[in-house]
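Examination of the molecular architecture
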Amino acid sequence: MADKTYPHMLRGVLFALAGGTCWGFSATCAELLTSSEGYGVPVNWLICVRLVASAVILVGIALATPANRANMKGALTSRRTMVTLLAFGVLGMLFTQASYLTTISYTNAGTATLLEYLGAALVMLVCCVQARRLPYAREVLGLVLALVSVYLVATKGQVGVLAIPLIGLIWGLLSAVSQMFYTVLPEQPTKDWGSVVVNALGMSVAAVGGVLIMQPWQYQVTVTPDMLVPLACIVVVGTVAAFLLFLQGVAEAGALRAGLVASVEPVSAMAFSALWLGTPVTPADVAGLVLIIIMLFLVAQKEDAAA
């Protein structure tokens, strides 16, 4: 039995690894587009473009199969599901995209991704509240490591010195909160209707909300041919491909394995940002990255039976 399942699991791990790498690469593309050294694209405009384009593609994928079409109809006619999906679309999808891309614009791709991954510690605390229990010792240790990593990323190891803009740190911490919403809110709808449908509808809610709130038409952005590649990478590689690869990884390797392997995202974001854009990486950044990855292992929930 093990000989048959091992290649299956290994393939799932590789899919999850590819998905996490795609997320990291798209973060670097966002850094290139929004930074003053790059194209200086307004963050709100980029958020709306990413949300709208991703929503169109994900809805198209969801409508491509009869099973997902039936699930989408069921989700749209369920009042309880739609209330949850509205909250997921705004607090999960829209808030996540807005806070994450804004953090990138004030800091860099690697720093923003590290701060966002603190959301795993918040998810652990929510799970403890829901289960009405105190955190286990390993979870407490994971939380401590998460706090230390924030200190290292924010100060670059220099005591009493904030090495990144305060506004960037605040947005980064908000992105961790949004990541918690993104993880917790869609749990039941995903069980009922599947992740493809839930993400397609959540992204659609986020796209409509983003356009109404941020009004991207107010920004004068000239899209040049050389901007199209990083822009397309953010939507196609960083949203659609990453999402589909990660889902396949979950299906074949299990949620816990896939989630931990996908934590390559901050590693790839930091590497792409340093090698491609020349963003400096300090020993404190590397130490913070290591602590975040250890934290993910410590606070990860018990593996599901499918894994």
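Preceding block: the structure.
Residues numbered from 1 in each chain as written. Predicted model: local features only at pLDDT ≥ 70, side-chain atom pairs only at ≥ 80, totals over all residues. Heavy atoms only, no water.

1. Comments concerning the overall build of the chain
Along the backbone of the chain there are 14 helices and zero strands. In the chain, the order of α-helices and β-strands from amino to carboxyl end is α-α-α-α-α-α-α-α-α-α-α-α-α-α. In terms of overall dimensions, the chain is globule-like: its C-alpha atoms have a radius of gyration of 19 Å, near the 19 Å expected for 307 residues. Considering only C-alpha atoms, the chain reaches an extent of 50 × 50 × 40 Å along its principal axes. Counting across all 307 residues of the chain, residues that qualify as buried make up 47%. In the chain, 83% of the contacts between residues at least 6 apart in sequence involve partners at least 24 apart. Of the roughly 14,300 Å² of accessible surface on the chain, a fraction of 70% belongs to carbon and sulfur atoms. Side chains of the chain carry 14 positive and 13 negative charges; the gap between the two charge centres is 13 Å. (Helix = DSSP H or I, 4+ residues; strand = E, 2+ residues; numbered from the N terminus. Rg over C-alpha atoms; globule rule 2.2 N^0.38 Å. Buried < 20%, exposed > 50% of the residue type's maximum accessible area, 1.4 Å probe, protein only. Contact = heavy atoms within 4.5 Å. Areas by Shrake-Rupley, 256 points an atom, 1.4 Å probe, with all protein chains shown as cover. Lys, Arg positive; Asp, Glu negative; His and termini not counted. Charge placed at Lys NZ, Arg CZ, Asp CG, Glu CD.)

2. Overview of the packing of aromatic side chains
The description of two aromatic rings rests on the distance between their centres and on the angle between their planes. Taken as a whole, this structure holds four aromatic pairs when the rule is applied. For the pair Phe88 and Tyr182, a centre-to-centre distance of 5.5 Å together with 40° between the ring planes defines the contact as tilted. Within this pair, whereas Phe88 is found in helix 4 (residues 79–106), its partner Tyr182 is found in helix 8 (residues 166–184), the two being separated by 94 residues in sequence. What makes Phe88 buried here is its relative accessible area of 1%. Here the aromatic residues Phe25, Phe272 and Trp276 are joined through ring pairs into a cluster of three or more. In this arrangement the basic side chain of Arg133 is found over the ring face of Tyr136, its NZ or CZ atom lying 4.0 Å from the centre. (Phe/Tyr/Trp six-rings, centres within 6.5 Å; stacked < 30°, edge-to-face > 60°. Lys NZ or Arg CZ within 6 Å of the ring centre and 35° of its normal.)

3. Re the packing of helix 4 against helix 8
It is at 8 Å that the axes of helix 4 and helix 8 come closest, and there the two elements cross at 155°. In terms of axis orientation, helix 4 runs roughly antiparallel to helix 8. Crossing geometry of helix 4 relative to helix 8 is assigned as left-handed. Residue-level inspection shows Phe88, Leu91, Gly92, Met93, Phe95, Thr96, Ser99, Tyr100, Thr102, Thr103 and Tyr106 of helix 4 in contact with helix 8, the latter providing Ile167, Gly168, Trp171, Gly172, Leu174, Ser175, Val177, Ser178, Gln179, Phe181 and Tyr182. (Axes fitted to C-alpha atoms, helices over the stretch in contact; angles between N-to-C directions. Parallel < 35°, antiparallel > 145°, perpendicular 65-115°, else oblique. Left-handed = near helix turned anticlockwise from the far one by under 90°.)

4. Let's talk about a nonpolar patch on the surface
A surface patch of nonpolar side chains, about 500 Å² in accessible area, is lined by Tyr106, Leu162, Leu166, Ile167, Ile170 and Leu174. Residue contributions to the nonpolar patch peak at four residues, all from helix 8. Here Leu174 lies in helix 8. Overall, the relative accessible area of 32% leaves Leu174 in the partly exposed class. (Patch = residues over 30% accessible without salt bridge, like charges linked within 9 Å, V, L, I, M, F, W, Y side chains within 5 Å. Salt bridge = Lys/Arg side-chain N within 4 Å of Asp/Glu carboxyl O.)

5. Brief notes about the pattern of salt bridges
Counting across every chain of the model gives five salt bridges. Asp192 serves as the salt-bridge partner of Arg80, at 3.5 Å between the closest nitrogen and oxygen. With Arg80 in helix 4 and Asp192 in helix 9 (residues 187–193), this pair connects stretches of sequence that are 112 residues apart. Between Lys156 and Asp285 there is a salt bridge whose closest N-O contact spans 2.6 Å. Of this pair, Lys156 sits in the loop between helix 7 (137–155) and helix 8 while Asp285 sits in helix 14 (residues 283–299); the two residues are 129 residues apart in sequence, bridging distant segments of the chain.

6. Section: the packing of helix 13 (residues 264–277) against helix 14
With their axes 10 Å apart at the nearest point, helix 13 and helix 14 run at an angle of 160° to one another. Taken together, the axes of helix 13 and helix 14 are roughly antiparallel relative to one another. Judged by the twist between their axes, the crossing of helix 13 over helix 14 is left-handed. Contact with helix 13, carried on its side by Pro266, Val267 and Met270, involves Asp285, Leu289 and Ile293 of helix 14 and no other residues of that element.

7. Some remarks on the nonpolar core
The biggest cluster of nonpolar side chains holds 42 residues, and the ones touching the most others in it are Leu33, Leu46, Ile47, Leu51, Leu101 and Ile104. For this core, the elements supplying multiple residues, two or more each, are helix 1 (2–34), helix 2 (43–62), helix 3 (66–76), helix 4, helix 5 (109–116), helix 10 (195–214) and helix 11 (225–253). Counting residues in hydrophobic clusters, the runner-up holds 21 residues, among them Ala121, Cys128, Val153 and Leu169. (Core = buried A, V, L, I, M, F, W, Y, C linked by side-chain atoms within 4.5 Å.)

On their own, these measurements won't tell you what the molecule is for.
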